[in-house]
Structures are given as C-alpha cells and as structure tokens.
Amino acid sequence: HEVCRQLILARMSEQTHERLCVALADAIEGDAPRDEAARFEYLQRAGATARAAQHVGTALEAASARLAFSHAARLQRWVLEQTPPEDPRKRRVLARALAGFEAASGRYELSAQILEKIAAELAPGDERTRSLCDAAEAWFYAGALGRAGEAIEEALSYFGERYVTSVSGGVSSRLREG
C-alpha cells in the first residue's frame, strides 16, 4: 500500500494533492475521535491550517488515549509552531506539554532541552525554578547526570542554595548554604 501511495504522490501535482486531502477530510463524518484525528491529518497535509487547528485538540486527545506519545508530540509541536510569538505565556504552556510528550516517548534529552529553553526565557522565580527542576529530572532519566546536576544547581541558586559535589564530580544530596 505504501509503495503504491508513494508512486501516486510522486506523479501528482501539489494542488491536486491538497484538493484531494481536503476532499478526504470533508468526506470523513462522525464525532468519533479517530474521525477527527484523521480529518486533522488530511487538512494539515492540504495546508488548510485554520481548518486543521479546529481538529488538532481532538487528535491530541485521541493520541494520548492510545498512548501514542510520539504522535502526540508531533501534533503538539505543530500547535506550538502555529502559536504566534506575541503570546509567550501560551507558548510556554504548549512547550511544557510538548516536553511531557517527548519524555513519555522516552526522548528525555529533547524534553530537558525544551524545559531549559523555557527556563531561559523566564526571570528568576518559581516558574523558572520548576522548569529547571523538571529539566534536571529529564536529564537524569537521559543518563546525563552532569547536566542534571547543572540544572539543579541553577534552580537552587534562586534560593541561595547549592548542591555539594563529591570528589568524583557526581551530585550529592546534601545541601549547603550558598
């Protein structure tokens, strides 16, 4: 099936492909989440961004319910890309959700990078500290203990605290006052 699909798509003009995707999306009827998810996919392929945005929420819910976190991450990334930079708070909320989907997919390093980017955009405070702590946890799961320690150190600096490091350079659980 996939080989035939690729052969057909290779010979089809972009306009024809977009028109057929919209027609398929319009042909899908029903309220079932799978129908809405498929409708989103076809509208996205057709470049019908505004119409696709109407269905992405249901597609995200369906992907999460099926534990398809990689797919949910792809959908969440699309939503984030569609969100204007003029709304940084909403973008942070969406990016945090993306980091969660990436972690649930086992992509902890990517999750940590997203969380550190969120933290970098924030002034010192609770939200920044929470993002750094979550990044530290993701780095830990990624096996990057040095990066986890750096994120913890940065998070604790807001409170005037520091982690004591051992002779081997690992992170110790003892706190000392900064």
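Data block above holds the structure.
Residues numbered from 1 in each chain as written. Predicted model: local features only at pLDDT ≥ 70, side-chain atom pairs only at ≥ 80, totals over all residues. Heavy atoms only, no water.

A. Seen up close, the packing of aromatic side chains. The final tally for this structure, using the stated rule, is 2 aromatic pairs. Ring centres 5.4 Å apart and planes at 35° place the aromatic pair Y108 and Y141 in the tilted group. With Y108 in helix α8 (residues 108-120) and Y141 in helix α9 (residues 126-142), this pair connects stretches of sequence that are 33 residues apart. With a centroid separation of 5.7 Å and 70° between ring planes, the pair formed by F140 and Y141 is classed as edge-to-face. As far as the burial class goes, F140 and Y141 line up, both exposed. Joined through ring pairs, the aromatic side chains of Y108, F140 and Y141 make up one cluster. (Phe/Tyr/Trp six-rings, centres within 6.5 Å; stacked < 30°, edge-to-face > 60°. Helix = DSSP H or I, 4+ residues; strand = E, 2+ residues; numbered from the N terminus. Buried < 20%, exposed > 50% of the residue type's maximum accessible area, 1.4 Å probe, protein only.)

B. Representation of the side chain of R128 in the model. Checked against the element boundaries, R128 lands in helix α9. Reaching out from R128, the side chain makes a polar contact with the backbone oxygen of A119 at a distance of 3.0 Å. (Polar contact = N/O pair within 3.5 Å; in protein donor to acceptor, adjacent residues only side chain to side chain.)

C. Summary view of the packing of α9 against helix α10 (residues 145-157). One can describe the packing of α9 onto α10 by two numbers: an axis separation of 8 Å at closest approach and a directional angle of 165°. Here α9 is positioned roughly antiparallel relative to α10, judged by the angle of their axes. For the element pair α9 and α10, the recorded crossing hand is left-handed. Touching R128, T129, L132, C133, A136, W139 and F140 of α9 are L145, R147, A148, A151, I152, E154 and A155, all from α10. Taken together, the residues that form the contact of α9 with α10 break down as 10 nonpolar, 1 polar and 3 charged. (Axes fitted to C-alpha atoms, helices over the stretch in contact; angles between N-to-C directions. Parallel < 35°, antiparallel > 145°, perpendicular 65-115°, else oblique. Left-handed = near helix turned anticlockwise from the far one by under 90°. Contact = heavy atoms within 4.5 Å. Nonpolar A, V, L, I, M, F, W, Y, C, P; charged D, E, K, R; others polar.)

D. Examining the pattern of salt bridges more closely. Per the counting criterion, the structure on display carries 7 salt bridges. A salt bridge links E102 to R77; its shortest N-O distance comes to 2.7 Å. In this pair, E102 sits in helix α7 (residues 88-104) while R77 sits in helix α6 (residues 69-82), placing the two residues 25 residues apart along the sequence. Looking at E102, the relative accessible area reads 1%, which means it is buried. (Salt bridge = Lys/Arg side-chain N within 4 Å of Asp/Glu carboxyl O.)

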